[in-house]
Amino acid sequence: QRFRSIYDEREVQKLSNENFRLKLNRIFLDVNTSIIDFMKLTEEERKFDFREQVKNGKYSDGIEESIDIFSIGHYKTSIFVIGRTLEDVVTDVLILAMKKGKVSKKKISSLDYEGKIGLRKGKNVIDDKLFHDLSSIRIDRNKSGHPVKRVFKKGDSKLTISKGIVAIIELDKKIEYLNKP
């Protein structure tokens, strides 16, 4: 009967409305789940409030952007954003370290992110743990910024973002230290 009903205009409209309603319900369910995830994440982030620990608004904005993107389920993009923010912080610390004579002057634009991290590690501007975390996030960021078959799962993305926030806080403290006369 359902097959024959496609020729009846009322039935076609009814089926179309039913299909639309199901699609709309699925969209609302995704949004609802996303909002619940965001609320859980922000509750957890309040326990570790980075806003008071990160002095630079540009870095705080990058962290918040990454959290917002994560909350709507775009885990791959959230890793890319936290990695990009972290690279900005690494570059700023490197520039400041060069100005203070802690690192020899080089053309920063000629260094890629890996080179910047390696230079800072070689000059003992960062310790082994921070070097490992920065390298790990750099690799994840590169994978998230290019078309790869790797699926970024929620838990892994959350861990990467958390490590990124901790690294940004630590590097922001180094900036504060290097800015002292």
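Note: the structure precedes this text.
The structure presented is a predicted model; accordingly, all values stated were derived computationally and were not measured.

With that settled, the discussion passes to helix H3 (residues 75–99). Residues three or four positions apart in an α-helix share a direction because the helix packs 3.6 residues into each turn. The end-to-end C-alpha separation of H3 is 36 Å, in line with the 36 Å expected for 25 residues at 1.5 Å each. With its phi angle positive at about 80°, Gly101 sits one or two positions after the end of H3.

Our focus in this paragraph is the packing of H3 against helix H6 (residues 154–179). At their nearest, the axes of H3 and H6 sit 9 Å apart, and the two run at 15° to each other. The angle between the axes of H3 and H6 places the two elements in the roughly parallel class. In the crossing of H3 with H6, the sense of the turn from one axis to the other is left-handed. For the contact of H3 with H6, the per-class residue count stands at 16 nonpolar, 6 polar and 3 charged.

Take helix H2 (residues 57–71) next. Helix length check: H2 (15 residues) gives 21 Å between terminal C-alpha atoms against 21 Å at 1.5 Å per residue, within 8%. Of the residues making up H2, those classed as buried are Tyr59, Ser60, Gly62, Ile63, Ser66, Ile67, Ile69, Phe70 and Ser71. In the segment just after H2, Gly73 is the residue with positive phi, at about 90°.

What follows deals with the pattern of salt bridges. What the rule picks out here adds up to 4 salt bridges. For Asp92, the salt bridge is made with Lys58, and the minimal N-O distance between the two is 3.4 Å. On the criterion of sequence distance, the pair formed by Asp92 in helix H3 and Lys58 in helix H2 is long-range, its members being 34 residues apart. Overall, Lys58 belongs to the partly exposed group, its relative accessible area being 43%.

Our focus in this paragraph is a nonpolar patch on the surface. On the surface, a cluster of nonpolar side chains totalling about 570 Å² of accessible area is made up of Phe20, Leu24, Ile27, Phe28, Val31 and Ile35. Here Leu24 is to be found in helix H1 (residues 9–47). Taking the relative accessible area as the measure of exposure, Leu24 reaches 31% and is therefore partly exposed.

By the element assignment, Asn179 lies in helix H6. A relative accessible area of 47% means that Asn179 is categorised as partly exposed. It is 9.4 Å that separates the C-alpha atoms of Asn179 and Ala97, two residues lying 82 residues apart in sequence. Setting aside chain neighbours within four positions, we find Asn179 in contact with Leu96 and Lys100.

Thresholds, definitions, all that
Residues numbered from 1 in each chain as written. Predicted model: local features only at pLDDT ≥ 70, side-chain atom pairs only at ≥ 80, totals over all residues. Heavy atoms only, no water. Helix = DSSP H or I, 4+ residues; strand = E, 2+ residues; numbered from the N terminus. Expected span 1.5 Å × (residues − 1). Axes fitted to C-alpha atoms, helices over the stretch in contact; angles between N-to-C directions. Parallel < 35°, antiparallel > 145°, perpendicular 65-115°, else oblique. Left-handed = near helix turned anticlockwise from the far one by under 90°. Nonpolar A, V, L, I, M, F, W, Y, C, P; charged D, E, K, R; others polar. Buried < 20%, exposed > 50% of the residue type's maximum accessible area, 1.4 Å probe, protein only. Salt bridge = Lys/Arg side-chain N within 4 Å of Asp/Glu carboxyl O. Patch = residues over 30% accessible without salt bridge, like charges linked within 9 Å, V, L, I, M, F, W, Y side chains within 5 Å. Areas by Shrake-Rupley, 256 points an atom, 1.4 Å probe, with all protein chains shown as cover. Contact = heavy atoms within 4.5 Å.

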